Amino acid sequence: ALQLSASTSGAKALASGNTFAFVGYHAISFNSDNGGAVTVSGNVIDTYCVRHADCGGIYTFNGGFNNSTPKSPVGGKHSIKGNFIKNGQGDYTGQNLPSSHLVAGIYLDEFTNNTTVEANVIDLAGIGIYLNSAYGNALTRNWVHGARRTGFLGADGGHGGGYLRGNSLSGNYF
């Protein structure tokens, strides 16, 4: 698994051309605020979230204190492009709702913003692409197949304030 961070203005982080197999939690996760930029491109992720639920093949988060506010109102410019993600598992042991399939190929969690998700292939996940209280993101030309719950899910996460807003979807196959 790989954790990236670009948390200062002008900072950059890159994950490209890697292969991840049989990962317990997120294969690639990142957060960034204050103008950093993260690029996740050309990776292969096969069998992820083996030991946990509520996770993703590629996961990002911009939550602040107690996850109730954005860490940064406008995060960095991020790109998730051209990745192949398959076989999301999910270990629901101890969960009240094991049928929820809260395992996503790409998971933009609380307050993620200014992220482009483009030309990714996601096969066999609970949720193909999940936006939870995410805003100002662009999803373009992604292909999702075999999602057990749904190809795309947008939720406001219960924070109030309408954080699920301003996202655009075009040319995707769900």
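Residues numbered from 1 in each chain as written. Predicted model: local features only at pLDDT ≥ 70, side-chain atom pairs only at ≥ 80, totals over all residues. Heavy atoms only, no water.

> Can you help me understand the sheet that holds strand β3 (residues 19-21) in this one?
The strands making up a sheet associate through hydrogen bonds between their backbones, and the pairing can be parallel or antiparallel. The five strands are arranged β3-β6-β9-β12-β15 in an open sheet whose pairing can be described as parallel. Whereas interior strands pair on both sides, the edge strands pair on one side only; in this sheet they are β3 and β15 (143-145). Within this sheet the neighbouring strands show an average axis-to-axis angle of 10°, counted without direction. Judged from the four bridges that link them, strand β6 (residues 44-48) and strand β9 (residues 84-88) form a sheet pairing that is parallel. Following the sheet pairing, Tyr48 is matched in β9 by Gly88. (Pairing = 2+ DSSP bridges. Helix = DSSP H or I, 4+ residues; strand = E, 2+ residues; numbered from the N terminus. Axes fitted to C-alpha atoms, helices over the stretch in contact; angles between N-to-C directions.)

> Looking at this structure, how should I read the sheet that holds strand β8 (residues 78-81)?
Strand order in the open sheet made by the six strands is β2-β5-β8-β11-β14-β17, with parallel pairing throughout. Edge positions in the sheet fall to β2 (12-16) and β17 (168-170), since each of these pairs with one other strand and no more. Recorded for the sheet is a direction-independent mean angle of 5° between the axes of neighbouring strands. With three bridges joining them, strand β11 (residues 115-118) and strand β14 (residues 138-140) adopt parallel strand pairing. When the bridges of β14 are listed, Glu118 appears paired with Thr140.

> What is the right way to look at the pairing of strand β13 (residues 127-132) in this model?
Looking down a regular strand, the side chains alternate between one sheet face and the other. Among the six residues in β13, six count as buried, and that is most of the element. The pairing of strand β10 (residues 103-108) with β13 spans four bridges and is parallel. Bridging across to β13, Ile106 finds its partner in Ile129. Direction of pairing for β13 relative to strand β16 (residues 150-155): parallel, over a ladder of five bridges. For Ile127, the partnering residue across the bridge sits in β16 and is Thr150. (Buried < 20%, exposed > 50% of the residue type's maximum accessible area, 1.4 Å probe, protein only.)

> In this structure, what is going on with the packing of aromatic side chains? I would like to understand it.
The geometry of an aromatic ring pair comes down to the distance between the two centres and the angle between the two planes. Here the structure, examined in full by the defined rule, presents six aromatic pairs. For the ring pair Tyr135 and Tyr163, a centre distance of 6.2 Å and an interplane angle of 40° mean the geometry is tilted. Within this pair, whereas Tyr135 is found in the loop between β13 and β14, its partner Tyr163 is found in the loop between β16 and β17, the two being separated by 28 residues in sequence. Geometrically, the ring pair formed by Trp143 and Tyr173 is stacked, given 5.8 Å between the ring centres and 10° between the ring planes. Placement of Trp143 in strand β15 and of Tyr173 in the segment after β17 is noted, with a sequence separation of 30 residues between them. Since its relative accessible area comes to 46%, Tyr173 is described here as partly exposed. Taken together through their ring pairs, the aromatic side chains of Tyr59, Tyr107 and Tyr130 make up a single cluster. One cation-aromatic arrangement involves Arg165 over Tyr135; the distance from NZ or CZ to the ring centre is 4.6 Å. (Phe/Tyr/Trp six-rings, centres within 6.5 Å; stacked < 30°, edge-to-face > 60°. Lys NZ or Arg CZ within 6 Å of the ring centre and 35° of its normal.)

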